[in-house]
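Report on the structure
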Amino acid sequence: MDKIIILIGFMGSGKSYLGKKAADFFQTEFLDLDLVIEKQQSLSISQIFEKFGEEYFRKLENEMLRKIKIGSIIATGGGIVEQKINRVFFQTQDKYVIWLNPSWETILSRIKNTERPLVSKLTENELLDLWQSRKPFYRECADCIIKNPNLKNLIKAIQSR
Ligand code: S3P
């Protein structure tokens with residue numbers, strides 16, 4: 001791959017699942033930033049939030065994003081776009097950023113019974129507000145937007161980058 005493919009989007013948009021499948025298809029490396037953080041800290045994302053708080057997690061996320069050396073397709077956490085420095089980082093030339101942007105109904109049905117710290121903490125309306133408030137950030141970073149993310153669409157987007 002000439003450019004690193006970065007997958008962004010809200011929780012439940014399919015970044016990890018489809019990213020892995022696409023990497024298998026292209027026979028390239030796949031990296032999930034949340035898993036890298038969990039491994040490096042020997043703690044789950046929920047434990048990191050619980051023990052040290054969200055701000056600390058954001059700092060780790062930010063540091064880890066810059067440390068990544070391998071990986072042709074990278075799945076990021078849904079909140080990575082909140083920091084301006086990350087949005088600027090995504091816009092550098094060696095990266096192709098794809099926003100997986102399914103409907104709110106799809107997102108909600110996928111995340112509502114999961115262990116994610118923000119899902120446990122926020123009500124459905126608050127999660128909807130968070131999604132709305134992040135959309136301009138995803139849009140700002142995206143070289144390509146996939147409205148109905150599935151493997152076929154993602155492969156097509158990567159091929160025509
Ligand atoms: C977060 C999304 C999560 C994870 C953390 C915070 C967010 O990743 O990074 O729980 O702020 O939206 P996924 O988008 O892979 O669920």
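Structure first, text after, so check above.
Residues numbered from 1 in each chain as written. Predicted model: local features only at pLDDT ≥ 70, side-chain atom pairs only at ≥ 80, totals over all residues. Heavy atoms only, no water.

Here we take up the site of the ligand. Neighbouring the ligand are 14 residues, the closest being Lys-15, Asp-34, Arg-58, Arg-116 and Arg-134. With respect to the ligand, the side chain of Arg-58 contributes an N or O atom lying 2.6 Å from an oxygen atom. The backbone of Gly-79 places a nitrogen or oxygen atom 3.3 Å from an oxygen atom of the ligand. Bound to the protein, the ligand loses 95% of the 380 Å² it would expose on its own. Judged by the fraction of its atoms near the pocket grid, the ligand is located in the largest pocket. Contributions of two or more residues to the shell around the ligand are made by helix 3 (45-52), helix 4 (54-67) and helix 7 (117-121). For the shell around the ligand, a count of residues per class yields six nonpolar, three polar and five charged. (Near = heavy atom within 4 Å. Polar contact = N/O pair within 3.5 Å; in protein donor to acceptor, adjacent residues only side chain to side chain. Areas by Shrake-Rupley, 256 points an atom, 1.4 Å probe, with all protein chains shown as cover. 1 Å grid on protein atoms, 1.4 Å probe; cavity = no way out; pocket = protein on both sides within 12 Å on 5 of 7 lines; lining within 4 Å. Sits in = over half its atoms within 2 Å of the grid points. Helix = DSSP H or I, 4+ residues; strand = E, 2+ residues; numbered from the N terminus. Nonpolar A, V, L, I, M, F, W, Y, C, P; charged D, E, K, R; others polar.)

Another aspect to go through is unusual backbone geometry. Phi is positive for Gln-27, which is not a glycine, with a value near 50°. Here Gln-27 is to be found in the loop between helix 1 (15-26) and strand 2 (30-32).

With the rule as written, the count across this model stands at eight salt bridges. Between Lys-20 and Asp-24 there is a salt bridge; the shortest N-O distance is 3.0 Å. In this pair, Lys-20 and Asp-24 are both assigned in helix 1, four residues apart and thus about one turn of the helix distant. For Lys-20, a relative accessible area of 40% corresponds to the partly exposed category. By relative accessible area, which is 48% here, Asp-24 ends up partly exposed. Two residues, Glu-63 and Lys-59, come together in a salt bridge whose shortest N-O distance is 4.0 Å. Taken together, the positions of Glu-63 and Lys-59, both in helix 4 and four residues apart, correspond to about one turn of that helix. Residues participating in the shared-partner salt-bridge network are Glu-54, Arg-58 and Glu-61. (Salt bridge = Lys/Arg side-chain N within 4 Å of Asp/Glu carboxyl O. Buried < 20%, exposed > 50% of the residue type's maximum accessible area, 1.4 Å probe, protein only.)

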